[in-house]
Amino acid sequence: MGSIKIPFNRPYLTGKETYYIEQAVKSGKISGNGMFTQKCQKYFEEKYGFKKTLLTTSCTDALEMAAILGNIQTGDEVIVPSYTFVSSALAFVRQGAKIIFADSRQDHPGIDEDKIEKLITPKTKAIVVVHYAGVACDMDKVMFLANKYNFLVVEDAAQSIDSFYNGKPLGSIGHLAAFSFHETKNINSGEGGLLAVNDARFIKRAEIIWEKGTNRAEFFRGEVNKYGWEDIGSSFLPSEIIAAYLWAQLENLDKIQQRRIEIWHQYFRGLNEWAIKNEVNLPAIPDYATNNGHMFYMVCKSTDQRDQIIRHLEENGVYAVSHYLSLHKSNFYRSRYIGDDLMRADKYTECLLRLPFFYELKHEEIELIINTIKEVKQILGGNA
Ligand SMILES: *Cc1c(COP(=O)(O)O)cnc(C)c1O
């Protein structure tokens, strides 16, 4: 047993990555917005109906583009869940926004949609919703408020590829959405991301911001005969080498998704009864949401219980991990946070644990992880 090692994540290689990278290199065009970038963008636009997509070097970059497009300025307020990755807030902080942190739901780490309205003020310019573990927020409630109070909705869809809300692809509902292809996500290119633009008003400017504030993309399509400086922006586009790698992954998206969802169900079936007995909450998927097999998490009854499970797994060569630390309590934001306590975000900070999850995780390995977790009951004296 001692020699078994199951990492938390292992990026999956489909086998075609280096072949496509070689093609990109040999084509002599390896800067951004070439053939592989176009192929990837077209794939997303056709498969999920996003009006316009732009590959970026990360989800963080796509969120920064969203903050620029939303004209977020000093003093504007942006509502963001506290229980999320830094970038959901950081991209807006860089534009000078004041972040209004929101709490999570009782049954899910995503934003508590019923508590959003009381956070809205005349200064509210945008909301960032995060579909945690690829499970949709209740977007009808969010869009209703956005229309009523006229603010921008940005979906942080970093974890949400190929997941749906009432049949609509995640990332297609808000005005803008950001996906991640970081190596920990379902589809990866090492680092990588995508901005999806659903509100056509933003398309032209998004392309300019993407290409260092120039209208180079228009020039590239032959729509103008020279290009120049038009707006602010940055170098948000990845090289063709990254796009080529991503293309190999996208070709296998359906296969990857199918296997990941099987893994998720094996964990759920294997742990459900144990979890109920031990007051551990397994993920709840609301009727309006789908499960895209991004992550398998559990919410323990206490930090002690969580840490014992992590320790016992580690002693057996299995690497389970906790997740976010509430952003309103981060070193960076704590001193300027003036809102209420966010008890649920804190609960997930203290009690949530994620199990190893990757395409090549084997049936027997999952069985071993499940059985190892079940031993913890005895360690805790049968009352954990
Ligand atoms: C992974 C992740 C990000 C950051 O993605 P990068 O591509 O690494 O910038 C942002 N938000 C959420 C919710 C994430 O899971």
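Refer to the preceding data block for the structure.
What you see is a predicted model; the values in this text were computed from it and never measured. (Residues numbered from 1 in each chain as written. Predicted model: local features only at pLDDT ≥ 70, side-chain atom pairs only at ≥ 80, totals over all residues. Heavy atoms only, no water.)

(A) Just the pairing of strand 8 (residues 176–180), in detail. Across the 5 residues of strand 8, 5 count as buried, placing the element largely inside the fold. With burial as the criterion, each face of strand 8 is covered, one bearing L176, A178 and S180 and the other bearing A177 and F179. Note that strand 8 and strand 9 (residues 193–197) share 5 bridges and pair antiparallel. In the strand pairing of strand 9, F179 is matched with L194. (Buried < 20%, exposed > 50% of the residue type's maximum accessible area, 1.4 Å probe, protein only. Helix = DSSP H or I, 4+ residues; strand = E, 2+ residues; numbered from the N terminus. Pairing = 2+ DSSP bridges.)

(B) The layout of surface pockets, seen in detail. Empty space within the largest pocket amounts to approximately 500 Å³. F85, H182, T184, K185 and Y324 are, among the 29 residues lining the largest pocket, the residues nearest its centre. Looking at the lining of the largest pocket element by element, the count peaks at 3 residues for helix 3 (residues 59–69). Classifying every residue of the lining of the largest pocket gives 9 nonpolar, 15 polar and 5 charged. Three or more residues apiece are contributed to the lining of the largest pocket by two domains, here domain 1 (17–250) and domain 2 (253–380). Around the second largest pocket, the lining comprises 20 residues; the ones closest to its centre are I100, F101, L119, Y337 and G339. Here the lining of the second largest pocket gets 5 residues from one element, more than from any other, and that element is strand 3 (residues 98–102). Here the residues of the lining of the second largest pocket are counted per class, giving 9 nonpolar, 2 polar and 9 charged. Of the domains in this structure, domain 1 (17–250) and domain 2 (253–380) are the two that each give at least three residues to the lining of the second largest pocket. (1 Å grid on protein atoms, 1.4 Å probe; cavity = no way out; pocket = protein on both sides within 12 Å on 5 of 7 lines; lining within 4 Å. Points joined across faces, edges and corners; volume = space filled by probe spheres on them. Nonpolar A, V, L, I, M, F, W, Y, C, P; charged D, E, K, R; others polar. Domains from an automatic or database assignment.)

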